[in-house]
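Descriptive analysis of the structure
Here is how the chains run, residue by residue.
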Amino acid sequence: MPVSAAALRGLCADEMARNPRGFGSAAWLHEAYLAVPREHFVPDRVWWPAPGEDGRYNLIDRTVRPRAWLKAVYKPGAPLITQLDDGRVPPAGPATGAFTSSISSSGVVVELLRHLAPRPGDRVLEIGTGTGYTTALLAARVGAENVVTVEIDPTLAARATERLAELGVHPLVITGDGEVGHAEGGPYDRIVATASVRRIPPAWLDQLAAGGVLVVPVDSPFAYDLLARLEGDGAGSAAGSFVAQVTFMRVRGQREPVPHTDLGWPAALDPTAWAELTVVAGPMGQRVHPPTPVVP
């Protein structure tokens, strides 16, 4: 029996609506998810993120296995890898290499945007255009004219621009280093990063409006990233907390490991208590603070 994209999108949305980490009360996000065709942004050839028994990542080719490809697109918890080793590995079959670009799983995209909570008319800066899918969801909420998205890879930026335009969506797509943001379009009410950082770039803080929200995955000492939600003061500083445990690819300029104590993390932390940590970033650097002990 043929499987339609619309039917799978509806089933995926239903599953995320039941998930505590899904749409929640964000009705606009549920509606946008149903309206934006995720499959339109996924390349015909993608790698499955879990290696096979031979240690290689299996390629899912839409022209060869259209049903399997479409079902993978709408599997709520599955990211699909669109690039290995910065594009040096061609999507021609099973392969090995470092993940350098993907379309995040539906569940992760929804959680990211739910915490971002953009409002109609907000100015939004997205770091990491990737396929353009998250960009399209943002445009559905705030208007494409209010979205600036930055992608460091020229090939990915060009493809995303084309795919967005085919749906009549025309944000400003900048090809460049996302760590410097795009000051000309700021200040921004919302800034969201689809790649993780070790240090929150000062440019993002400088370009965040007073009361604006920054949502960014931050490398942690716990072998996974933590999604930080910070509010800006309009003067280059922001403070907030961690809201979810996630895994993202690192921005290219911050791939080299750095001791976490050099990144403002306390020397000893309980990994089960990450939700109690607070984050402050600004001209004086970045600091992660444990909860204040309760004095009896």
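As shown above, the structure is provided for reference.
In short, a report on the structure. (Residues numbered from 1 in each chain as written. Predicted model: local features only at pLDDT ≥ 70, side-chain atom pairs only at ≥ 80, totals over all residues. Heavy atoms only, no water.)

Burial within helix α4 (residues 106-116) is extensive, with eight of its 11 residues counted as buried. Two residues or fewer past α4, Ala117 is found with a positive phi of approximately 50°. (Buried < 20%, exposed > 50% of the residue type's maximum accessible area, 1.4 Å probe, protein only. Helix = DSSP H or I, 4+ residues; strand = E, 2+ residues; numbered from the N terminus.)

We now examine the packing of aromatic side chains. Under the counting rule described, the total for this entry stands at six aromatic pairs. A connected cluster of aromatic rings, assembled from ring pairs, spans Phe222, Tyr224, Phe242 and Trp265. Its end group placed over the ring of Tyr133, Arg38 keeps NZ or CZ at 5.2 Å from the ring centre. (Phe/Tyr/Trp six-rings, centres within 6.5 Å; stacked < 30°, edge-to-face > 60°. Lys NZ or Arg CZ within 6 Å of the ring centre and 35° of its normal.)

So, about the sheet that holds strand β12 (residues 278-282). The strands making up a sheet associate through backbone hydrogen bonding, with each pair oriented either parallel or antiparallel. Read from one edge to the other, the open sheet built from nine strands follows the order β7-β6-β5-β8-β9-β10-β11-β12-β13, with strand pairing classed as mixed. Each edge of the open sheet carries a strand with a single partner, namely β7 (172-175) and β13 (285-289). Averaged over all pairs of adjacent strands, the angle between their axes in this sheet comes to 20°, without regard to strand direction. Alignment of strand β8 (residues 188-193) against strand β9 (residues 208-219), held across four bridges, turns out to be parallel. Paired with Val192 across the two strands is Val215, which belongs to β9. (Pairing = 2+ DSSP bridges. Axes fitted to C-alpha atoms, helices over the stretch in contact; angles between N-to-C directions.)

We now examine the pattern of salt bridges. Side chains that differ in sign of charge can pair as their charged atoms come close. Throughout the structure, instances matching the rule amount to 14 salt bridges. Of the charged contacts, one joins Arg255 and Asp86 as a salt bridge, the two residues approaching to 2.8 Å between their closest N and O atoms. Of the two residues, Arg255 sits in the loop between β11 (238-246) and β12 while Asp86 sits in the loop between β3 (80-84) and β4 (99-103), which places them 169 residues apart along the sequence. Take Arg255: its relative accessible area is 34%, and that puts it in the partly exposed class. Judged by its relative accessible area of 23%, Asp86 is partly exposed. For Glu231, the salt bridge identified is with Arg229, shortest N-O distance 3.5 Å. Owing to a relative accessible area of 42%, Glu231 belongs among the partly exposed residues under this scheme. Residues joined by salt bridges that share partners form a network here, namely Asp86, Asp153, Arg252 and Arg255. (Salt bridge = Lys/Arg side-chain N within 4 Å of Asp/Glu carboxyl O.)

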